[in-house]
Amino acid sequence: MDTDDWDASWDAPPKPTQPVQAAHSWGNSNTQTFTNSNRKASRANNWGQDGAWGNDNGGNWTNNPRNEARGGSDWNNTGNFSGNGSRWNGGAKRNGGNDKCETIKVPSRFVGKIIGRGGSQITDLQTRSSSRIKVTKDTEGDETFIKIFGDDSAIQKAKELIDELTVDKAPRAPPTPVYETPKEPAQSVQEWDSKTTSFYDYLKECDARIEAEWNALPPIIKNFYQEHPEVTAMTEEEVEAFRLENNNIVVDRTFQTENSRPVPKPVKTFEHAFHNYPEILDEIRKAGFEKPSPIQSQCWPVLLSGEDLIGIAQTGTGKTLGFLLPALIHIDGQTVPREERGGPAVLIMAPTRELALQIDKEVKKYFYRNISSVCVYGGGARKEQIDVVSRGVDIVIATPGRMNDLNQAGHLNVRSVTYVVLDEADRMLDMGFEPQIRKVMYSLRPTKQCIMTSATWPPGVRRLADSYMKDPIQIYVGSLDLAATHSVTQTIQLIEENDKEQAFMDFIYNMGPDDKVIVFCGTKAKADYLSVECVCKNIICASLHGNRDQSDREQAVQDIGDGTVRILIATDVASRGLDIDDITHVLNYDFPKNIEEYVHRVGRTGRAGKTGESISYVTKSDWAQAAELVKILEEAQQFVPEEIYSMASRYEAMKERKERAGESVGRKPRFGGGRRY
């Protein structure tokens, strides 16, 4: 590097245009502007004799370029940046050659705080105190030595700043935990500080404050049920006989306690449940229903009594109306007027946009006391949804992601919610929504009435029930074992992968004029591919999957519902929530990866007392589901192809063989001939 570059790197003041005169701020009269001889060696000062940068005993930085200074200073001998024997000064960079050094001790736990991230804190301390601070590696017990360089005032200032950082402060109260606070602290619990309250005392204080906030809200009225005299007159034998005749309704307390109340008796007619609510009866008659479904006959007395409920029944059994009508009565029966609540009274969460929209459509069928609703979901116009919620609604139907979003952002006040429904809870957990559900549920009043519906009873649903429900009543219709609806004929076609498309086209060309079909594919790409193939062959169809715009998804559901199209090609987003009564066929182009989705796909047809047909293409790659498929078919008294039995037994044998050998399961079978695979 030549001297010009070296000068530039130190960012020296700009070169004067005229020689500096005596007593000038840059130096005296016996100096040249920079150097007397090419800035390499000069007995005169480059910047000035008595100026701010030094005297006449040094070169620009050194007399012999950058190696040794005639006056012993890298810059000069007596200037602001001078010193004896130091590049900048004698000890501290800015404080001359007579700086002092003082060593202090600080608790080692504060060393990181003093240094700061990337040294930011210690740099700030040095700047504010005009000192140099060095954290040494020397320790004594639990204390670390720190050296401070500078004059007396700089050292004193640095010590004061360090003292401020190392003073023990009382910890902030920890957030209220989601778990139950132990009544007594464990013996191993350490206090935050000898002068402060214990950790568990903070927890108790926080719990007490939150409980006080909830208790300050108006009480919730839950019990709106008055048992009809005809129901009261039913004997226990008649109750059990009725439950057995109606798809074997089983009712019990999920978490039985000594103080549990008896389970209400089922109702046989709409009048038994709503004889005190003639407006509800009028709406039911308008809808054309003849009698309650099995789950409705039992859940209405339970919900109108204010009990928490877990309803387990297969799709298409009337669960939505089961929790909806009691919700309308619950909303109107609270003491606080609806316009003064500051938010919705009812919250319904569903796993998919289609199911949320279906519930919202169902709510809007019933006009009761001007109760309003809104559906909020990801993919919809967020601003419009916020505007509707802000104007005030009584019922919010939401997908967990968007609900959590609006709750976290403060756009939706959930403190007013007193009745919450988790619809298709098992599906929401399968889709990974448990964190969002728990965040929302934690924001709701502990005394709320809670309802969960599910088609199955997996451990995840049990955990949710245990966390947020108080002595719930569990109602399940049929059996807890997975089963498909018996009103659907299930047909299994063994087929090679390459033959699927031709079989699909043969089915489409042979559809009757009144047939409607939902075709289920395993991937979005396959759904798009089949849709394009149909269009190329002048076959009118609609497609539905997660990558389509929300408006297109809604249009597809509307088109298949009103008959504009008779073929809907979809992924499993359509396996739940689509309530279209006149679907005659379900075609499983790709067999689902789990048997639960198979059951839900089959349930898209054969609804509202009608019959339907399910056709499933099964290939050799689907043999892992063969054993469970056999159970579903046998339970519904359907024909089971002999090859399905063979696939199931061979897959189990292969699994055992692989497990004994310590290998992973993954090879595919072959059809026919009993050949091993």
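Everything below is about the structure shown above.
These numbers were taken from a predicted model, which means no experiment stands behind them.

The rules behind these values
Residues numbered from 1 in each chain as written. Predicted model: local features only at pLDDT ≥ 70, side-chain atom pairs only at ≥ 80, totals over all residues. Heavy atoms only, no water. Buried < 20%, exposed > 50% of the residue type's maximum accessible area, 1.4 Å probe, protein only. Helix = DSSP H or I, 4+ residues; strand = E, 2+ residues; numbered from the N terminus. Pairing = 2+ DSSP bridges. Axes fitted to C-alpha atoms, helices over the stretch in contact; angles between N-to-C directions. Contact = heavy atoms within 4.5 Å. Core = buried A, V, L, I, M, F, W, Y, C linked by side-chain atoms within 4.5 Å. 1 Å grid on protein atoms, 1.4 Å probe; cavity = no way out; pocket = protein on both sides within 12 Å on 5 of 7 lines; lining within 4 Å. Points joined across faces, edges and corners; volume = space filled by probe spheres on them. Nonpolar A, V, L, I, M, F, W, Y, C, P; charged D, E, K, R; others polar. Salt bridge = Lys/Arg side-chain N within 4 Å of Asp/Glu carboxyl O. Phe/Tyr/Trp six-rings, centres within 6.5 Å; stacked < 30°, edge-to-face > 60°. Lys NZ or Arg CZ within 6 Å of the ring centre and 35° of its normal.

## Focus: the pairing of strand 8 (residues 395-398)
- The alternating pattern of strand 8 places Ile395 and Ile397 on one face and Val396 and Ala398 on the opposite face, and all of these are buried.
- In this structure, strand 7 (residues 373-376) lies alongside strand 8, joined through four bridges in parallel fashion. Each residue of the ladder has a partner; that of Ser373, found in strand 8, is Ile395.

## Quick look at the sheet that holds strand 17 (residues 612-618)
- Strands sit in the order 12-17-16-13-15-14 across an open sheet of six strands; the sheet is parallel. At either end of the open sheet lies a strand with only one pairing partner, and these are strand 12 (488-494) and strand 14 (542-544). Looking at each pair of strands side by side, their axes are set apart by 20° on average, direction ignored.
- Across four bridges, strand 13 (residues 517-520) lies against strand 15 (residues 567-570) in parallel orientation. Its bridge partner lying in strand 15, Ile518 is registered against Leu568.
- Running at roughly 160° to strand 17, helix 18 (residues 500-509) makes contact with strand 13, strand 15, strand 16 (585-588) and strand 17 of the sheet.

## Digging into the nonpolar core
- Grouped together as the largest cluster of nonpolar side chains are 52 residues, with contacts concentrated most on Phe274, Ile280, Leu325, Ile395 and Ile475.
- If one sorts the elements of this core by residue count, helix 11 (residues 319-332) sits on top with eight residues.
- Here Ile280 is in contact with Phe274, Leu325, Leu328, Ile329 and Tyr368, once residues within four sequence places are set aside.
- Counting residues in hydrophobic clusters, the runner-up holds 35 residues, among them Ala398, Val414, Val440 and Met452.

## Here we look at empty space enclosed by the protein
- Scanning the model with the defined rule gives six cavities of 30 Å³ or more in all.
- Approximately 40 Å³ is the volume found for the second largest cavity.
- Looking at the lining of the second largest cavity, the elements with two or more residues in it are helix 10 (294-304), strand 5 (309-312), helix 11 and strand 10 (449-454).
- Of the residues assigned to the lining of the second largest cavity, the class counts are six nonpolar, three polar and one charged.

## Describing the pattern of salt bridges
- In this structure the tally under the stated criterion is 33 salt bridges.
- With a shortest N-O distance of 2.8 Å, Arg369 and Glu279 are connected by a salt bridge. Of this pair, Arg369 sits in the loop between helix 12 (353-363) and strand 7 while Glu279 is found in helix 9 (residues 278-287), placing the two residues 90 residues apart along the sequence.
- Note on Arg369: relative accessible area 36%, which makes it partly exposed.
- Residue Glu279 is classed as partly exposed on the basis of its relative accessible area, which comes to 35%.
- As a salt-bridge pair, Asp332 and Arg369 come within 2.5 Å of each other at their nearest N and O atoms. Of this pair, Asp332 sits in helix 11 while Arg369 sits in the loop between helix 12 and strand 7, and the two are 37 residues apart along the sequence.

## Quick word on the packing of aromatic side chains
- Applying the stated criterion to the full structure yields six aromatic pairs.
- Judged by centre distance (5.8 Å) and plane angle (50°), the rings of Phe270 and Trp300 are tilted. Linking Phe270 in helix 8 (residues 270-274) with Trp300 in helix 10, this pair joins segments that are 30 residues apart in sequence.
- A centroid spacing of 5.3 Å and a plane angle of 25° characterise the contact between Phe591 and Tyr598, whose relative ring orientation is stacked. In terms of burial, Phe591 and Tyr598 fall into one category: buried.
- One aromatic cluster is present, formed by Phe270, Phe274 and Trp300 through successive ring pairs.
- Over the ring of Phe149 we find Arg132, and its NZ or CZ is 4.2 Å from the ring centre.
- Sitting over the ring of Trp214, Arg415 keeps its end group 4.9 Å from the ring centre.

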